[in-house]
Amino acid sequence: MFEYFTDRARRAVVLSQDEAIALGHDFIGTEHILLGLIGTERSTAGDVLREHGVELTRARQETVRVLEAAGVAACGGRPAKEALSAIGIDVDEIQRRADAAFGLGAFQYPRPAYTPDAKKALEHTLREARALGRETFGTEHVLLGLLAAGEGRGLEVLAALGKDPAALREAVLARAAVKDS
């Protein structure tokens, strides 16, 4: 599916993975996808979100708050590392060797998996792009998919920031229409 994403949409997905890892989460949820979209410069979704007052630092703070309130703690991949350690694999040593050989941060383990809500939002991305007659998926379609999914912590973060999903949807659609003309 990711082969149909535009370069900026792929960048947003990579940023969502980076946000999850930086926050110590071993999953990628809609909240991380939202952070990736906000952080993608010169993108339709990022521009609309920022124009509506959704700033990355504040959204990141709300993400942490929402997750902590839900009892989700940052674990930094501890369960996976502990399982490998139990069978004699030292992930920290692998990390050190990879950093020495390929550069700091080249090896990230575990790679976070998508939550069911994030998968649902990405499925809606496809539907939103198709509904607009698109064969490729831009950041605007990812944001529309996240908003259309109707659930997920990304929407909780937007609500905590006082943002109306319907207004964001209208703004994205208006921007996409201008982009097409």
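Structure's up top.
Residues numbered from 1 in each chain as written. Predicted model: local features only at pLDDT ≥ 70, side-chain atom pairs only at ≥ 80, totals over all residues. Heavy atoms only, no water.

Draft legend 1. Quick peek at the environment of I28. Checked against the element boundaries, I28 lands in strand β1 (residues 27-28). The exposure class of I28 is buried, given its relative accessible area of 0%. C-alpha separation for the pair I28 and P116, spaced 88 residues apart in sequence, amounts to 9.5 Å. Residues in contact with I28, not counting those within four places in the same chain, are S16, Q17, A20, I33, P112, A113, Y114, T115 and A118. (Helix = DSSP H or I, 4+ residues; strand = E, 2+ residues; numbered from the N terminus. Buried < 20%, exposed > 50% of the residue type's maximum accessible area, 1.4 Å probe, protein only. Contact = heavy atoms within 4.5 Å.)

Draft legend 2. Representation of the nonpolar core within the structure. Residues I33, L37, L49 and L158 are the most contacted members of the largest nonpolar core, which totals 37 residues. Of all the secondary structure elements, the ones that give two or more residues to this core are α1 (7-22), α2 (30-39), α3 (44-51), α4 (56-69), α7 (116-131), α8 (139-149), α9 (153-160) and α10 (165-180). With six residues, the single largest contributor to this core is α8. Contact partners of I33, with chain neighbours within four places excluded, come to S16, I28, A118, L122, V142 and L146. (Core = buried A, V, L, I, M, F, W, Y, C linked by side-chain atoms within 4.5 Å.)

Draft legend 3. How the structure looks around the packing of α2 against α3. At a minimum axis separation of 7 Å, α2 and α3 run at an interaxial angle of 90 degrees. Here α3 runs roughly perpendicular to α2, going by the angle between their axes. Between α2 and α3, the residues in contact are L34, L37 and I38 and A45, G46, L49 and R50, respectively. (Axes fitted to C-alpha atoms, helices over the stretch in contact; angles between N-to-C directions. Parallel < 35°, antiparallel > 145°, perpendicular 65-115°, else oblique.)

Draft legend 4. Broad picture of the packing of aromatic side chains. Evaluated as defined, the whole model comprises two aromatic pairs. Consider the rings of Y4 and F137, whose centres lie 6.1 Å apart with planes at 45 degrees: the pair is tilted. A residue pair is termed long-range when its members are at least 10 positions apart, and Y4 in the segment before α1 and F137 in the loop between α7 and α8 qualify at 133 residues. By relative accessible area, which is 1% here, F137 ends up buried. With 5.4 Å between their ring centres and 75 degrees between their planes, F5 and F137 make a pair best called edge-to-face. Linking F5 in the segment before α1 with F137 in the loop between α7 and α8, this pair joins segments that are 132 residues apart in sequence. (Phe/Tyr/Trp six-rings, centres within 6.5 Å; stacked < 30°, edge-to-face > 60°.)

Draft legend 5. A look at α7. Here α7 is 16 residues long and its end C-alpha atoms lie 22 Å apart, about the 22 Å a rise of 1.5 Å per residue gives. All buried positions along α7 are accounted for by A118, A121, L122, H124, T125, E128 and A129. Buried residues of α7, viewed axially, fall in a sector of 160 degrees; they line one side. Away from its buried face, by an angle of more than 90 degrees, α7 presents the exposed residues P116 and A131. Positive backbone phi, approximately 75 degrees, marks G133, located one or two places after α7. (Expected span 1.5 Å × (residues − 1). Arc of directions from axis to C-beta.)

Draft legend 6. Just the packing of α3 against α8, in detail. Where α3 meets α8, the axes come as close as 6 Å, and the angle between the chain directions of the two elements is 60 degrees. In this view, α3 runs oblique relative to α8, as classed from their interaxial angle. Counting all contacts with α3, which are made through T44, A45 and L49, the residues of α8 involved are T139, E140 and L143. Residues belonging to the contact of α3 with α8 are distributed by class as follows: three nonpolar, two polar and one charged. (Nonpolar A, V, L, I, M, F, W, Y, C, P; charged D, E, K, R; others polar.)

Draft legend 7. Region of interest: the pattern of salt bridges. In total, this model carries nine salt bridges according to the counting rule given. The salt bridge partner of D47 is R50, with a shortest N-O separation of 2.8 Å. Highlighted residues: D47 and R50, both in helix α3, separated by three residues, approximately one helical turn. The class for D47 is partly exposed, based on a relative accessible area of 24%. Between E151 and K120 there is a salt bridge; the shortest N-O distance is 2.4 Å. Residue E151 is located in the loop between α8 and α9, and its partner K120 is located in helix α7; the two are separated by 31 residues in the primary sequence. For K120, a relative accessible area of 27% corresponds to the partly exposed category. (Salt bridge = Lys/Arg side-chain N within 4 Å of Asp/Glu carboxyl O.)

The values are spatial; any link to function lies outside them.
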